[in-house]
Structures are given as structure tokens and as C-alpha cells.
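# Notes for the structure review
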Amino acid sequence: FITGLGATHVVDYAKETITSFCLEGGKEIKNDSKFDVIYDAASYSGAGEDYRDSAVELLKLPTEATQHGQYVGINGSPGFWMRGLTIGLPKNQHLVIGKPNTEDLDHLTKLFDDGWEGKDGNNEKLKVEIQEILPLTEENMTKGFDLVKSRRVRGKIVFDLQ
């Protein structure tokens, strides 16, 4: 499933951590095995997870040829948010804070409808995986949120308002 979305490697977090995956049986993670960007959508997503510290350790260190790896979180601890909104975060750590506006939403709509030119010149389209479409009822709301909280959803859970 994940490789079909473009992933080159998949880590089954039920069997190993991302750190053990990157160690490749050794005692130290080589810089070329580290990441340019880690997009963390799991930390503080409802079950008390916090992967930020281990993720930051897996970011590439700066060299003459490359910049420091970047950590991007969509959630974070209250302290991380407070720091981000007051004194600021370390240079290579970021929180996603959106300010939606008509121009950006129109651009996203165009990308979704028309696609874009890929590296090979072919037209690329956004793929949206939907696991389940549920009629909007109290029972289905509970079912849908239970599915999301299970962390086993393969795609989006959609509530039909009809």
C-alpha cells in the first residue's frame, strides 16, 4: 500500500522503530542514511506519542554540500507550541501553521483537478485513498473516530452528509 503511494522504504512500527531501521544492525547511523526532511504526523495525535526527539536525531547533519535536515510537525507538545509561538523553534524544526486564503485554496483546487507536470514530463494527479465512506450518524461518527484512533486506517474516513 505505502510503496504504491511512492515510498521507497516502509518501517512497520509494530516490529521496529525508525531508529533501529536506520541503524541497519550497526551501532551508529551514518549521515548518508539520515533524512533531509521528516514530516511527523504521528506525535501527539491522540495516543500520547512523541517521536520528535528521535526524529531530530535522524536528520542529516549539515556538510559543505548539504544543509541540515528539517523536522516538520503537524502536532506537538504544549511546550513545543508555546516555544514556536513565542521565542521560536530551532532553525531546523518547524510546526505547520496554516493561514488559508482564497488564492492558495484555488491553486490547490487547480492541482487537484488538472494535475501537474512530473519530472518525466507526464501529467501527475493527486491520489486520495479512501478507506470507508460512512453516512453521517452518531454511531458512524464514533466508528470513524475509533478507526482513526486505531492507527490502522489505510486512507481517509469520509462522512457522507447526504
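Located above this text is the structure these notes cover.
Reference entry: report on the structure contained in this document.

What counts and what doesn't
Residues take numbers from 1 onward in each chain, read along the sequence in its written order. Local features in this predicted model are restricted to residues whose pLDDT is 70 or higher, and side-chain atom pairs enter the listing and the counts only when it is 80 or higher, whereas totals over whole chains, interfaces and linings include all residues. With hydrogens and water stripped out, all remaining heavy atoms of the structure feed into the side-chain values. Only when DSSP finds a minimum of two bridges between them are two strands counted as paired. Strands are runs of DSSP state E lasting at least 2 residues, helices are runs of H or I lasting at least 4, and numbering of each runs from the N terminus. As a rule, the C-alpha atoms of each element are fitted with a line to give its axis, helices using only the stretch in contact, and angles between N-to-C directions run from 0 to 180 degrees. Should a side-chain nitrogen of Lys or Arg be within 4 Å of a carboxyl oxygen of Asp or Glu, the pair is scored as a salt bridge. Using a 1.4 Å probe on the protein chains alone, a residue whose accessible area is under 20% of its type maximum counts as buried, one over 50% counts as exposed, and one in between counts as partly exposed. Here a polar contact means two N or O atoms within 3.5 Å. Within protein one must be a hydrogen donor candidate and the other an acceptor candidate, and residues neighboring in sequence count only if both atoms are side-chain atoms. Contacts are assigned to residue pairs that have any heavy atoms within 4.5 Å of one another. Think of it this way: a Phe, Tyr or Trp ring, Trp meaning its six-membered ring, pairs with another when their centres are within 6.5 Å, and the plane angle makes it stacked under 30 degrees, edge-to-face over 60, tilted otherwise.

### A closer look at the sheet that holds strand β2 (residues 70-73)
Read across the sheet, 3 strands follow the order β1-β2-β3 without closing on themselves; strand pairing throughout is parallel. Every interior strand has two partners, whereas the edge strands, β1 (37-40) and β3 (93-95), have only one. Averaged over all neighbouring strand pairs, the angle between strand axes comes to 15 degrees, with direction disregarded. In terms of strand pairing, β2 meets β3 through 3 bridges, oriented parallel. By the bridge assignment, Val-72 is partnered in β3 with His-94.

### Here we look at the pattern of salt bridges
Following the criterion strictly, the structure yields 4 salt bridges and no others. Of the charged contacts in the structure, one is a salt bridge between Asp-36 and Lys-60, with a shortest N-O distance of 3.4 Å. Highlighted residues: Asp-36 in the loop between α1 (18-23) and β1 and Lys-60 in the loop between α2 (52-57) and β2, separated in sequence by 24 residues. Given a relative accessible area of 48%, Asp-36 falls into the partly exposed group.

### Concerning the side chain of Lys-60
Exposure remark for Lys-60: the relative accessible area of 18% places this residue in the buried category. At a separation of 3.4 Å, a polar atom in the side chain of Lys-60 contacts the side chain of Asp-36.

### Considerations on the environment of Leu-58
In this structure, Leu-58 sits in the loop between α2 and β2. We classify Leu-58 as buried; its relative accessible area is 2%. Considered as a pair, Leu-58 and Gln-93 are 35 residues apart in the sequence and their alpha carbons are 13 Å apart. Filtering out sequence-adjacent residues up to four positions away, Leu-58 remains in contact with Ile-18, Thr-19, Cys-22, Ile-29, Lys-34, Phe-35 and Ile-38.

### What to know about the packing of aromatic side chains
Under the criterion given, the structure shown has 2 aromatic pairs. Here Phe-145 and Phe-159 contribute two aromatic rings whose centre-to-centre distance is 6.2 Å and whose plane-to-plane angle is 25 degrees, an arrangement assigned as stacked. With Phe-145 in helix α5 (residues 138-149) and Phe-159 in strand β7 (residues 156-160), this pair connects stretches of sequence that are 14 residues apart. Its relative accessible area of 48% is what places Phe-145 among the partly exposed residues.

So yeah, pure geometry; function would need other evidence.
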